[in-house]
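Residue strings, one per chain:
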Amino acid sequence: MTSQSGKRSPVPRRTVLGTALGTATAAALPGTAHAEQPAQTARGDGTGPAAEAGRSPWTLHDTMTGDGAWERFLRDQDLLWARLPTLWYEGPFLGDGLLGSMIYQEPGTHQVRFTVQHGRVQDHRPEFGSGWGTCRLPVGHLTLEPAGTVTAVDWRLSLWNAELTGTVTTTAGTLTLAALIHDEVLAVRVTADGGEQVVWTFHPEEAVSPRRISEAPPAGYTPHPPWTTRTASDGTRQVLQSLTGGGQTATAYRHTGDDLLLSVGHSSPSGTAAEAATLRSVRRAASYTALRRRHTRWWHDFYRKSFVSFPDQRLQSFHWIQLYKVASASRANGPVMATSGPWLEPTPWPAVWWNLNVQLEYWLIHGFNHPELDSLATTLRQSQEQLMANVPAPYRSDSSGIGRSSDMFADRGVGEPGTGAETGDLTWALHNVWLSYRHSMDKSLLRDTVFPVLRRAVNYYLHFLTPGSDGRLHLPSTLSPEYPVVPPQDTNYDLALIRWGCRTLVESARLLGIDDELLPRWQEVLARLTPYPVDENGFMIGAGTPYAQSHRHYSHLLMVYPLYLVNWDQPASRDLIAKSVAHWHALTGAHRGYSYTGAASMYAMTGDGDTAITYLRKFFDPAGRFPCRANTHYTEAGPVIETPLSASQSLHDMFCQSWGGVIRVFPAVPSAWADVTLHNFRAQGAFLVSAVRRAGTTRFIRIRSLAGEPLALRHGLGGTPTVLLDDGTPARTRDLGEGTLAIDLPRGREVLVHSGSRPALVIAPVTVSEPGPAWGLP
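Residues numbered from 1 in each chain as written. Predicted model: local features only at pLDDT ≥ 70, side-chain atom pairs only at ≥ 80, totals over all residues. Heavy atoms only, no water.

Draft legend 1. Spatial organisation of the overall build of the protein chain. Helix and strand content of the protein chain: 18 helices and 36 strands. Dimensions of the protein chain, computed from C-alpha atoms along their principal axes, come out at roughly 75 × 65 × 50 Å. Burial analysis of the protein chain (778 residues in total) assigns 64% to the buried set. Here the contacts in the protein chain between residues at least 6 apart in sequence split such that 67% fall between residues at least 24 apart. (Helix = DSSP H or I, 4+ residues; strand = E, 2+ residues; numbered from the N terminus. Buried < 20%, exposed > 50% of the residue type's maximum accessible area, 1.4 Å probe, protein only. Contact = heavy atoms within 4.5 Å.)

If you want it as structure tokens, here you go:
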């Protein structure tokens with residue numbers, strides 16, 4: 001995740017203010033009003049048009065319908081603290097996709113720090129590169145200053161309410177607190193007992209790149225002017241930070257009675273708009289109680305969209321915390337997540353990293369059935385002019401790209417193949433947007449983002465592909481992130497992305513009914529592109545460059561995962577996959593947390609759940625060099641958010657996979673997990689999958705079609721399965737072999753699949769068989 005300097009591109013900067021990033025609306029987001037979904041569908045509990053007409057012979061009994069059931073279940077997943085956390089990766093964290101706060105001890109004191117950071121607060125000087133000139137900028141922090149010395153804390157971070165509650169006990173008395181973030185307002189209520197008192201101080205932080213912990217600023221870099229303060233007529237205080245490159249950050253806060261309300265705003269190019277916006281936000285919030293009502297309503301509706309339960313308490317809790325975390329860090333109408341999300345701390349990586357981090361950050365939202373969190377797709381749709389400007393001038397008429405790191409506007413130049421540049425990162429990011437399309441079947445997303453941007457990203461490659469003496473098309477030297485050798489020709493990272501890109505363009509043109517003039521070229525590339533370089537150990541880094549030293553990335557294995565171009569359904573590929581993954585991990589020393597989550601997902605593809613969980617547990621081993629931390633966050637040389645989120649995707653890959661046009665239910669469940677419940681797990685093709693596994697056997701599968709796409713189901717059931725539509729009639733099926741059925745399932749309908757006599761169709765939490773301590777500092 002090293003940074004390189006970038007130059008200003010000739011693209012106007014977008015206006016940034018409050019909660020507006022460009023002009024996105026809910027109707028333009030994946031899975032919302034523009035998605036090709038039925039106006040009326042059978043609901044996830046087995047009700048809907050068919051059942052209401054009295055025709056449904058089966059109904060799922062969902063025990064997770066009421067607030068009480070959800071509150072009891074999620075309470076068991078909460079994070080707890082019995083002692084004061086001293087570091088950011090030990091403490092509670094709050095967020096609403098924009099504003100973020102981490103809570104831990106103010107260093108060297110008996111005070112409690114509430115960090116105050118915001119995902120839109122950044123510099124606007126591209127001439128100094130993404131590490132300094134367009135980096136995220138710190139805002140400040142609050143301190144809660146007890147009169148006495150802290151002797152104990154008793155805190156709970158409630159997932160159900162997205163709220164921190166508890167007490168701080170001191171030598172003088174007790175402070176009782178509650179805190180949440182909603183609508184870009186941090187709200188904290190604190191009451192004092194005994195000899196304690198409530199004292200708050202806001203500490204603005206210098207608006208300078210957090211990268212200064214690892215290097216000096218570049219030549220010519222000038223500091224921003226100092227902040228100023230003012231007090232409004234109603235007593236609201238403000239800290240105003242003007243920026244040298246234009247724009248303003250404003251923080252407004254008011255302490256009234258027991259309540260403290262604080263809001264952060266950022267505007268650019270306006271140097272005054274943020275000031276007015278933060279005042280409005282604090283006044284609109286009114287009080288802790290008023291804000292909490294809106295806040296809990298949003299979160300309670302949010303969680304109900306899907307459900308998963310499995311018997312390992314520590315991992316089950318971790319999994320639900322990641323859903324809370326990604327919803328705290330991202331919303332579709334907000335900025336793409338930077339490496340630390342909205343919780344900025346000193347780091348060498350205060351920007352968006354495009355060569356692995358951003359891709360891993362978003363995978364889990366699909367299975368969890370939360371397309372409304374996809375700020376990556378929003379960002380790429382809104383940044384198309386900038387992506388064009390990122391490529392060298394001779395190619396801007398038909399190409400797009402992005403360099404390794406950028407700001408939230410994707411402003412970062414990309415080098416040319418042949419110079420050893422890292423050139424494939426935009427294409428990989430577009431694979432994420434393709435996944436968003438496949439899970440929603442929203443053709444507007446395909447038409448307006450995937451197809452036009454991918455067409456230009458692949459075009460950039462096409463300028464450099466040249467035929468060799470073997471008649472194959474070859475790529476000049478490019479970098480395989482982040483393998484530390486002279487970049488080779490025919491890098492596997494890029495070959496995999498070119499193949500995936502051309503296949504996807506051919507398929508997208510067909511789906512959109514576009515007779516594109518480049519169709520013959522894409523087909524020619526697929527026919528003539530040189531094979532992946534391999535040797536006796538499996539996939540190489542590139543031509544003439546074996547995988548010969550430990551490598552944390554799996555950039556040379558993208559064709560295996562997540563692209564699935566080379567996969568376990570191809571018997572001739574199995575030996576190559578097995579030895580490639582084994583050799584990747586046989587060379588040790590450079591592996592990081594996502595090296596283990598990546599391997600876990602690759603073994604899940606092979607159906608080996610026990611090996612998959614063995615690799616995943618390496619990420620949770622406290623004896624490892626880079627383990628998951630006490631609050632489920634993760635750090636290397638600085639905070640990075642992607643690895644824990646990718647660990648949740650590894651769990652998803654054990655429970656349900658949907659690549660290659662086939663939905664695989666319970667494909668790689670570890671043998672120790674006899675019981676698993678899935679409900680409304682979203683799969684490619686816009687299907688909602690519910691399934692129950694008991695005593696090591698799949699009891700039933702219910703699938704609901706949102707878009708009427710072809711359904712192929714690898715069910716894992718023994719014997720001859722019964723397949724019933726929601727009106728009680730047998731579904732039309734075709735046996736595709738290897739335990740896979742093609743099922744005719746119309747849009748808006750549901751199908752039930754089971755073996756033997758009909759089992760109890762109950763959606764409920766499973767019994768924990770592997771107890772574990774709560775996350776936090778219990």
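Draft legend 2. Structural view of the sheet that holds strand β29 (residues 697-705). Read from one edge of the open sheet, six strands run β18-β27-β28-β29-β34-β31, paired in antiparallel fashion. In this open sheet, the two edge strands, each paired with only one partner strand, are β18 (307-309) and β31 (722-725). Averaged over neighbouring strand pairs, the angle between their axes works out to 20° when direction is ignored. Summarising the sheet, strand β27 (residues 676-683) and strand β28 (residues 687-694) pair through six bridges and their orientation is antiparallel. Residue pairing for β28: Arg682 is matched across the bridge by Leu688. (Pairing = 2+ DSSP bridges. Axes fitted to C-alpha atoms, helices over the stretch in contact; angles between N-to-C directions.)

Draft legend 3. View of the pairing of β27. Among the eight residues of β27, eight are classified as buried, and the element is accordingly described as predominantly covered. Here β18 pairs with β27 via three bridges, running antiparallel. The residue bridging Ser309 from the neighbouring strand is Thr677, located in β27. The turn linking β27 back onto β28 is made up of three residues, and Gly685 within it adopts a positive phi angle of 95°.

Draft legend 4. Local environment of helix α12 (residues 443-462). The sharpest bend along α12 measures roughly 30° and falls at Val450, with the proline Pro452 sitting one to four residues further on. Of all 20 residues in α12, 16 are buried, a share of seventy percent or more. (Bend = angle between axes of the 7 residues up to and from the residue.)

Draft legend 5. Seen up close, unusual backbone geometry. In this structure, Pro269 follows Ser268 across a cis peptide bond, with omega equal to 5°. By the element assignment, Pro269 lies in the loop between β17 (259-267) and α4 (273-285). Note that the residue after Pro481, namely Glu482, is joined by a cis bond; omega there is -15°. Note on placement: Glu482 falls in the loop between β22 (473-474) and α13 (492-512). Positive phi values are uncommon outside glycine, yet Asp490 reaches one of about 50°. Its relative accessible area of 5% is what places Asp490 among the buried residues.

Draft legend 6. Representation of the packing of helix α5 (residues 288-303) against helix α6 (residues 313-329). With their axes 12 Å apart at the nearest point, α5 and α6 run at an angle of 130° to one another. Classified by the interaxial angle, the pair formed by α5 and α6 is oblique. As α5 packs across α6, the resulting crossing turns out to be right-handed. Facing α5, whose interface residues are Trp298, Trp299, Phe302 and Tyr303, α6 presents Trp320, Leu323, Tyr324, Ala327 and Ser328. Its residues assigned to classes, the contact of α5 with α6 shows eight nonpolar, one polar and no charged. (Parallel < 35°, antiparallel > 145°, perpendicular 65-115°, else oblique. Left-handed = near helix turned anticlockwise from the far one by under 90°. Nonpolar A, V, L, I, M, F, W, Y, C, P; charged D, E, K, R; others polar.)

Draft legend 7. Examining the sheet that holds strand β7 (residues 112-118) more closely. Strand order across the open sheet formed by five strands is β5-β6-β7-β8-β13, with antiparallel pairing between neighbours. Each edge of the open sheet carries a strand with a single partner, namely β5 (93-95) and β13 (200-204). Between one strand axis and the next, the sheet turns through 20° on average, direction left out of account.

Draft legend 8. Here's a closer look at the environment of Val766. Relative to the elements of secondary structure, Val766 occurs in the loop between β35 (762-763) and β36 (776-777). Residue class for Val766 comes out buried when judged on its relative accessible area of 9%. In this structure, the C-alpha to C-alpha distance between Val766 and Phe310, residues 456 residues apart in sequence, is 5.9 Å.

Draft legend 9. A look at the confidence of the model for the protein chain. Overall, the prediction assigns the protein chain a mean pLDDT of 93, with 93% of residues at 70 or greater. Taken as a whole, residues 1-10 scores under 50 in pLDDT and shows 43 contacts with residues more than four places along the chain or in a different chain. In the predicted structure, residues 18-54 sits below a pLDDT of 50 and forms 96 contacts with residues beyond four places in sequence or in another chain. (pLDDT = per-residue confidence, 0-100.)

Draft legend 10. Seen up close, the packing of aromatic side chains. Tallied over the full model, the rule gives 44 aromatic pairs. Here the aromatic rings of Phe73 and Trp320 are separated by 5.6 Å at their centres, their planes lie at 80°, and the arrangement is edge-to-face. Here the residue Phe73 occupies a position in helix α2 (residues 67-75), and Trp320 occupies one in helix α6, the gap between them amounting to 247 residues. The same class applies to Phe73 and to Trp320, which are both buried. Arranged with centres 5.6 Å apart and planes meeting at 80°, the rings of Trp363 and Tyr561 form a pair that is edge-to-face. Residue Trp363 is located in the loop between α7 (357-362) and α8 (364-367), and its partner Tyr561 is located in the loop between β24 (538-539) and α15 (574-586); the two are separated by 198 residues in the primary sequence. Assigned by exposure class, Trp363 and Tyr561 land together as buried. When the ring centre of Tyr89 is taken as reference, the NZ or CZ atom of Arg629 above it lies at 4.4 Å. Over the aromatic face of Trp659 sits the side chain of Arg664, whose NZ or CZ is 3.5 Å from the ring centroid. (Phe/Tyr/Trp six-rings, centres within 6.5 Å; stacked < 30°, edge-to-face > 60°. Lys NZ or Arg CZ within 6 Å of the ring centre and 35° of its normal.)

Draft legend 11. Seen up close, the side chain of His474. Within the secondary structure layout, His474 lies in strand β22. At a separation of 2.7 Å, a polar atom in the side chain of His474 contacts the side chain of Asp490. Other than its neighbours up to four places away in sequence, His474 contacts Phe464, Leu465, Thr466, Gly468, Asp490 and Thr530. (Polar contact = N/O pair within 3.5 Å; in protein donor to acceptor, adjacent residues only side chain to side chain.)

Draft legend 12. View of the nonpolar core. Counting residues in hydrophobic clusters, the biggest one holds 215 residues, and the most contacted among them are Trp155, Tyr303, Trp320, Phe655 and Val751. Discounting chain neighbours no more than four positions away, the residues touching Tyr303 are Trp70, Leu74, Leu159, Trp160, Trp320, Leu323 and Tyr324. Membership of the second largest hydrophobic core comes to 10 residues, among which are Leu180, Ala252, Val282 and Ala285. (Core = buried A, V, L, I, M, F, W, Y, C linked by side-chain atoms within 4.5 Å.)

Draft legend 13. Seen up close, the pattern of salt bridges. For the structure on display, the rule yields 34 salt bridges. With a closest N to O distance of 2.6 Å, Glu106 and Arg113 form a salt bridge. The exposure class of Glu106 is buried, given its relative accessible area of 12%. The exposure class of Arg113 is buried, given its relative accessible area of 14%. Between Arg521 and Glu524 there is a salt bridge, and its shortest N-O distance comes to 2.9 Å. (Salt bridge = Lys/Arg side-chain N within 4 Å of Asp/Glu carboxyl O.)

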